[in-house]
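Residue-level structural notes
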Amino acid sequence: MDFVDMLLNRFDGESELKRPTNALVCFTLAKTGKTLSRLAFDIAMSRSEKSSITLLQFIDNKEEMEQTEEMDMYQSRLLADFIPKGEKSRITMRLFVRASDDKLAEITRMTEEQHCNLVMLGIASNEADIQRVKKYSMLRSDPTLTETSLLELFQEGEARTLKYISGLLNRIKVPTGIFIDNGLKVANNIFVPVLSKADVHIFTFVYQIAQKEHVHIMVWDAIGIIQSEPKMQKLFQFVVKRTDGRVQLWDDDKKIEQDFIQSRDLVIIGVHGWSKLISIPLQWCEVLPSTLIIKDATI
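Residues numbered from 1 in each chain as written. Predicted model: local features only at pLDDT ≥ 70, side-chain atom pairs only at ≥ 80, totals over all residues. Heavy atoms only, no water.

The final tally for this structure, using the stated rule, is 9 aromatic pairs. An angle of 80° between the planes, with centres 5.8 Å apart, marks the rings of Phe-191 and Trp-284 as edge-to-face. On the criterion of sequence distance, the pair formed by Phe-191 in strand β6 (residues 189-194) and Trp-284 in the loop between α13 (271-277) and β10 (290-295) is long-range, its members being 93 residues apart. With a centroid separation of 5.8 Å and an interplanar angle of 75°, the aromatic rings of Trp-220 and Trp-284 are classed as edge-to-face. In this pair, Trp-220 sits in strand β7 (residues 216-221) while Trp-284 sits in the loop between α13 and β10, placing the two residues 64 residues apart along the sequence. Ring pairing ties together the aromatic residues Phe-191, Trp-220, Trp-250, Phe-260 and Trp-284, which thus form one cluster. Against the face of Phe-154 rests Lys-135, its NZ or CZ located 5.2 Å from the ring centre. (Phe/Tyr/Trp six-rings, centres within 6.5 Å; stacked < 30°, edge-to-face > 60°. Helix = DSSP H or I, 4+ residues; strand = E, 2+ residues; numbered from the N terminus. Lys NZ or Arg CZ within 6 Å of the ring centre and 35° of its normal.)

Structural data, given as structure tokens:
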């Protein structure tokens, strides 16, 4: 059974989509964490009411914070700010604050402890912006560059974050999203480029996020898979029907311009498609909004 068949079975009767989401949302900057938690809510709200979101905030110096504010008070205040109004009864939400020298190990441990089936990492612009992530991703494909020499091309803090992102995608076995925050406020207008058949799993996320009435999602079928493969046509038509037309297909006769990309709030793309996108000389890649790069579960 190929992956499109698996997705069709996943959508059939929606039994798979109704399974609880147990998401782990990791971040350093509270603003980025709050934004990412809203996306996690949009995903979890389309699932069972038994879904949960675990927030994991990393801080530089826990002792300094505890001198100015009790940890319990800080956690209560942050949780109250993160939970959307009227959603408290629907989804269980918990917060952990950690000062760790090994964030990757902490995320791996927390994923197992909380039985998470989705991990999302938020990266603020002061940690590594989209163009830095793009540059790092491109250079990693150069076989002449060692990891050490590659990281020397970036500032120390950026290099640490970029290595951390790469390690997370390689180590975590459940579906994983890397959210690169470029000032996202609301995720109403979303652009989804499809550049690899291996990334069709992102339609699970497209389907879930498009359950919100205010959301509009434009899918760019860059490889023609939706129009050329009957199974993908069936999958896409299912998503369009179940989201009341909020998911549309980009007209290939039209050129994608920078103005269109700048009008988007968010780009959602699979990890394989991201690798291809950054290697294509497209001018609009220089003005990408906040971006969510998703890797499916690995065995």
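Within the structure shown, the criterion is met by 10 salt bridges. Lys-134 is paired through a salt bridge with Glu-286; the nearest N and O atoms lie 2.9 Å apart. With Lys-134 in helix α6 (residues 130-140) and Glu-286 in the loop between α13 and β10, the pair connects residues that are 152 residues apart, well separated along the chain. Looking at Glu-286, the relative accessible area reads 48%, which means it is partly exposed. A salt bridge links Lys-197 to Glu-229; its shortest N-O distance comes to 3.5 Å. Residue Lys-197 is found in the loop between β6 and α9 (202-209), and its partner Glu-229 is found in the loop between α10 (225-228) and α11 (230-242); the two are separated by 32 residues along the sequence. On the basis of relative accessible area, Lys-197 is assigned to the partly exposed category, the value being 38%. Among the ionic contacts, a cluster of salt bridges with common partners joins Arg-98, Glu-106, Arg-109 and Glu-113. (Salt bridge = Lys/Arg side-chain N within 4 Å of Asp/Glu carboxyl O. Buried < 20%, exposed > 50% of the residue type's maximum accessible area, 1.4 Å probe, protein only.)

With that out of the way, let us pick up α9. Residues spaced three or four apart along an α-helix point in a common direction, a consequence of the helix completing one turn every 3.6 residues. Buried residues dominate α9, accounting for 8 of its 8 residues. Ile-202, Phe-203, Thr-204, Phe-205, Val-206, Tyr-207, Gln-208 and Ile-209 are the residues of α9 that are buried.

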